[in-house]
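Spelled out, the chains give:
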Amino acid sequence: MRPQWQVAASVLAGALLLATGLLIVRFAGLLAPISELVVLVALVGTMAVTAERRERDRKLARLSDRANAHAARNSLASDPRGWIDFFPAAVRLTGVTDSLLLEAKPEGDFDVKAAVGPLASRGAAGLSRSEDFQKADRERPNPIPVEAISGWPDARLARLDSAGEAAVYWLYAAPPGDDREAILTAAERLAGYVAQQPGLTAEPRRVQRRRAVDAGLFGSVAALMSRSAELRSSFASLQTATILFDGAGIPVQVNSSMERLLRTAGLQASRVTPVDIGASLAGIEAETAREMLGEIVRHGGDVRLSSNAQIGSGCFTLRANATAGQLLFEAINVTDLHRLASIQTELATDIDARIRNDLAAIELATKLAGDDRLPADRRARTLSMIGQAAERTRATLNELGRLVDASIYANEGEPYPVNLRTALIQAVAATKTARDNAGVEIEIQQPTLTSLVMAEPESLDALLQAMLEVLLSDSHRGTTLKAVLGEGEEESQLIVTGGFGLPAERLAALLSIEDRSAPRSARLLQSAKPRVERWGGSFEATSEAGQGYRFTLRLRKS
Amino acid sequence: MRSRVLLVEDDVLLSELLEMLLLLEGVEVVHSPNGSDALQRLERGRFDLIVLDLMMPVLDGFGFLEQLGGRGAIAPPVLVFSASTNPEVAARARQAGAAAVARKPIDEAEFVALVRSLIGD
């Protein structure tokens, strides 16, 4: 709420309170003087404004401290040139809207090292000739008001380096409004801090060991970890590479596995951004990565960036989780799992061959049974061979069923907060080929749902995709399936409707765990009910012949 | 004289069916459940063709082909009969000395035609 509205609301609340008091007093026969009431109302309003300003100042002071902490923590300590990378992020923390970091070249003009905000695109034309520039050059490091630079109204200019031939300047502007002074103070503190660092323009001299993460950051990480048993165990695991970014997209914690992984991908842990992770590690386009990550940072939750990212000689599953504005990436080494998958493929090929052989044997035995050229005892024998082959086929299918069941329930992790909307959007995207083949669209309704729900993300992905695929495979071309999101006090729900619809008893049989002949997507739905119930939710599938299906998934809010 | 085929196959059901099929073609079939047993049978008798499965216990098809090639004596042609869909498997079998490679599951007509061509009918 804007401060003026807060004041108005406070005044109104005070007036109502006093009016009520007045009414009581009137009934008591004791009428207070009107002038005293007016003073009281004004007092309530003033207190509200003061409290608001104090809170704002506290917030800005915190931002300023965080900016300084960032400056102190990583880049400056290990690499004097690192300021180019961390500085824009630190600037954003102060609340400065426009910022230009400039390095003066010996010939007199400037190299723009970092730019933030719309004014930054105008550059710093004429800066070197202005009086302000001359003043800043003399009065370093204090920021001075700038008046003569075209396109930079009410800006400030500070010289950041204290030594060196090539000078570094910071030109910045704060937005107008009540916060302006506090923002400028925060920026001044940052400029003052940076100016005290030795040799900003010097070449890297030595790589220092990174400082230990400070207690505040450790607390943040611990708080994040405590929200999810899976994340906690992931971070502790050497196999899982993790990196944590703060709200400004700055890496604040990285484990050694992730450092190694980043190095393999040609990235530096101290300079990497969330989009780099998406683009370089997961191999998705930078713009797509920006959108996906922005989505979960805004709404919270979990997104799988890749389940098969090739980094060096390893294969990794990459996932991002956003909680309270912080973004945690984890890369799980699934090289062994992929080896296992290859074994499973061989196994599937073997089972496939066995079934085909037995079916071919049944076909051949049937032909031979009717061939008069064979002796009678041989023909009689073919009949028992048909039975043998059929029995073998049944045994193989049962074996296959057990393997499928084992894989469905394997690696079922504990549920943790997941963004149902994001998961649904991903599931819809994953069905693109099926949608194109079926000529069927999927419409998502109520897409503003942002609550997090409890679910195991991978299983939820598979379940949502299976729900959509079952309907897609049983819909008229040119029709549209509807996926409607909604939420109650304690749970969120997704209702998917559409398709031809089977008779209720046929759907029940299809979704029975006993039906081994059901297609894969239906097999996944067979296990949906017990799985969702383990997460504290429910899953219901109904259908009527010719009237369509209705899948209702209810999940407990986190 | 009837042609004789040594059928090296560990699947009894399939082996028996192939025997009946070849019987209709006037071919005599001798069964062998693995490569090692087949090598011994080759020592004791004359065969016009070896029909060989690749995946078998004791000594598999490739092991059999290797030992057969190392014996130096003139051996009957080998028709490899495999469930593998991997083209490298077929290439390796040919390189090891197989005269032809047929795919499982059985294609009756293809199988009979290959047997006929390899035994010289």
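Shown above is the structure to which this text applies.
Residues numbered from 1 in each chain as written. Chains lettered and ligands numbered in written order. Predicted model: local features only at pLDDT ≥ 70, side-chain atom pairs only at ≥ 80, totals over all residues. Heavy atoms only, no water.

(A) Up close: the environment of B:Pro76. Residues and elements named next belong to chain B. Within the secondary structure layout, Pro76 lies in the loop between α3 (61–70) and β4 (78–82). Considered as a pair, Pro76 and Leu42 are 34 residues apart in the sequence and their alpha carbons are 9.3 Å apart. Look past the residues within four positions of Pro76 in its chain and what remains in contact with it is Leu42, Phe47, Asp48, Leu49 and Ile50. (Helix = DSSP H or I, 4+ residues; strand = E, 2+ residues; numbered from the N terminus. Contact = heavy atoms within 4.5 Å.)

(B) Representation of the sheet that holds strand β16 (residues 538–544) of chain A within the structure. Residues and elements named next belong to chain A. Overall, mixed pairing links the 5 strands, which are arranged β12-β14-β15-β17-β16 in an open sheet. A single partner strand is all that each edge strand has here, and the edge strands are β12 (441–445) and β16. Each strand axis lies, on average, 15 degrees off the axis of its neighbour in the sheet, ignoring direction. Here β16 pairs with strand β17 (residues 548–556) via 7 bridges, running antiparallel. Across the sheet, the residue bridging to Ala541 is Phe551, located in β17. In the packing of helix α16 (residues 457–472) onto the sheet, the strands contacted are β12, β14 (480–487), β15 (491–498), β16 and β17, and the crossing angle to β17 comes to about 165 degrees. (Pairing = 2+ DSSP bridges. Axes fitted to C-alpha atoms, helices over the stretch in contact; angles between N-to-C directions.)

(C) Structural detail: empty space enclosed by the protein. Residues and elements named next belong to chain A. Inspection of every chain in the model, using the stated rule, returns 4 cavities of 30 Å³ or more. Looking at the largest cavity, its volume works out to about 40 Å³. Taken together, Asp302, Val303, Arg304, Val418, Ala423, Gln426, Pro457 and Asp461 make up the lining of the largest cavity. Those elements that provide at least two residues to the lining of the largest cavity are β8 (301–311), α14 (420–430) and α16. Looking at which element gives the most residues to the lining of the largest cavity, the answer is β8, with 3 residues. Looking at the lining of the largest cavity, its residues break down into 4 nonpolar, 1 polar and 3 charged. (1 Å grid on protein atoms, 1.4 Å probe; cavity = no way out; pocket = protein on both sides within 12 Å on 5 of 7 lines; lining within 4 Å. Points joined across faces, edges and corners; volume = space filled by probe spheres on them. Nonpolar A, V, L, I, M, F, W, Y, C, P; charged D, E, K, R; others polar.)

(D) Region of interest: the interface of chain A and chain B. Chain A puts 19 residues into the contact, and the matching count from chain B is 14 residues. Between chain A and chain B, the buried area comes to about 1700 Å², and carbon and sulfur atoms account for 70% of it. The largest per-residue losses of area from chain A upon contact with chain B belong to A:Leu364, A:Arg378 and A:Met385, which jointly make up 32% of the total buried on that side. On the surface where chain A and chain B come into contact, there are 4 salt bridges. For the salt bridge of B:Glu19 with A:Arg378, the shortest nitrogen-to-oxygen distance reads 3.2 Å. On the surface where chain A and chain B come into contact, there are 4 residue pairs in polar contact (both at pLDDT 80 or more). Among the elements that line the side of chain A that touches chain B, the one with the most residues is helix α12 (residues 335–369) of chain A, at 9 residues. Among the residues making up the side of chain A that touches chain B, the classes are represented as 9 nonpolar, 3 polar and 7 charged. (Buried area = accessible area lost by both parts, 1.4 Å probe. Salt bridge = Lys/Arg side-chain N within 4 Å of Asp/Glu carboxyl O. Polar contact = N/O pair within 3.5 Å; in protein donor to acceptor, adjacent residues only side chain to side chain.)

(E) Examining the sheet that holds strand β10 (residues 326–333) of chain A more closely. Residue and element names in this part refer to chain A. Spatially, the 5 strands line up as an open sheet ordered β7-β6-β10-β9-β8, and their pairing is antiparallel. The sheet is open, and its two borders are formed by β7 (251–254) and β8, each paired with just one other strand. Averaged over all pairs of adjacent strands, the angle between their axes in this sheet comes to 20 degrees, without regard to strand direction. The pairing of strand β9 (residues 314–323) with β10 spans 8 bridges and is classified as antiparallel. In the strand pairing of β10, Thr317 is matched with Ile332.

(F) Geometry of the pattern of salt bridges. The full count for this structure, using the stated rule, is 26 salt bridges over all chains. A salt bridge links A:Arg421 to A:Glu295, with the shortest nitrogen-to-oxygen separation between them at 2.1 Å. Residue A:Arg421 is found in helix α14, and its partner A:Glu295 is found in helix α11 (residues 286–299); the two are separated by 126 residues along the sequence. You can call A:Arg421 buried: its relative accessible area is 16%. Looking at A:Glu295, the relative accessible area reads 14%, which means it is buried. Among the ionic pairs, B:Arg41 bridges to B:Asp37, the shortest N-O distance being 2.7 Å. Of this pair, B:Arg41 and B:Asp37 both sit in helix α2 (residues 35–44), 4 residues apart, which is roughly one turn of that helix. (Buried < 20%, exposed > 50% of the residue type's maximum accessible area, 1.4 Å probe, protein only.)

(G) Seen up close, α2(B). All names here are of chain B. Within the span of α2, buried status applies to Gly35, Asp37, Ala38, Leu39 and Leu42. Along its buried surface, α2 packs onto β1 (3–8), β2 (27–32), β3 (49–53) and α3. Two or three places before Ser36, at the start of α2, stands the capping residue Asn34, its side-chain oxygen 3.0 Å from that residue's backbone nitrogen.

(H) Up close: the packing of helix α1 (residues 12–24) of chain B against helix α5 (residues 108–119) of chain B. Residues and elements named next belong to chain B. It is the contact of α1 with α5, at a shortest axis distance of 11 Å, that shows an interaxial angle of 60 degrees. Here α1 lies oblique to α5, going by the angle between them. Relative to α5, the crossing made by α1 is right-handed. Facing α1, whose interface residues are Leu18, Leu21 and Leu22, α5 presents Glu108, Phe111, Val112 and Val115. Grouping the constituent residues of the contact of α1 with α5 by class yields 6 nonpolar, no polar and 1 charged. (Parallel < 35°, antiparallel > 145°, perpendicular 65-115°, else oblique. Left-handed = near helix turned anticlockwise from the far one by under 90°.)

(I) Just the pairing of β8(A), in detail. All names here are of chain A. Here 8 bridges tie β8 to β9, and the two strands are oriented antiparallel to one another. Counterpart to Ile311 in the pairing with β9 is Gly314. Taking the residues between adjacent antiparallel strands as the criterion, β8 and β9 are bridged by 2 residues, where Gly312 takes a positive phi near 60 degrees.

(J) Focus on unusual backbone geometry. All names here are of chain B. The residue after Lys104, namely Pro105, is reached through a cis peptide bond having omega 0 degrees. Position of Pro105 among the secondary structure elements: in the loop between β5 (100–103) and α5. Its identity as a non-glycine residue notwithstanding, Val58 has a phi of 65 degrees, on the positive side. Tracing the backbone through its elements, the reader meets Val58 in the loop between β3 and α3.

(K) Quick look at α11(A). When the terminal C-alpha atoms of α11(A) are compared, their 20 Å separation across 14 residues agrees well with the 20 Å that a helix rising 1.5 Å per residue should span. At its buried positions, α11(A) is contacted by α10 (274–281), β8, β9, β10 and α14 of chain A. (Expected span 1.5 Å × (residues − 1).)

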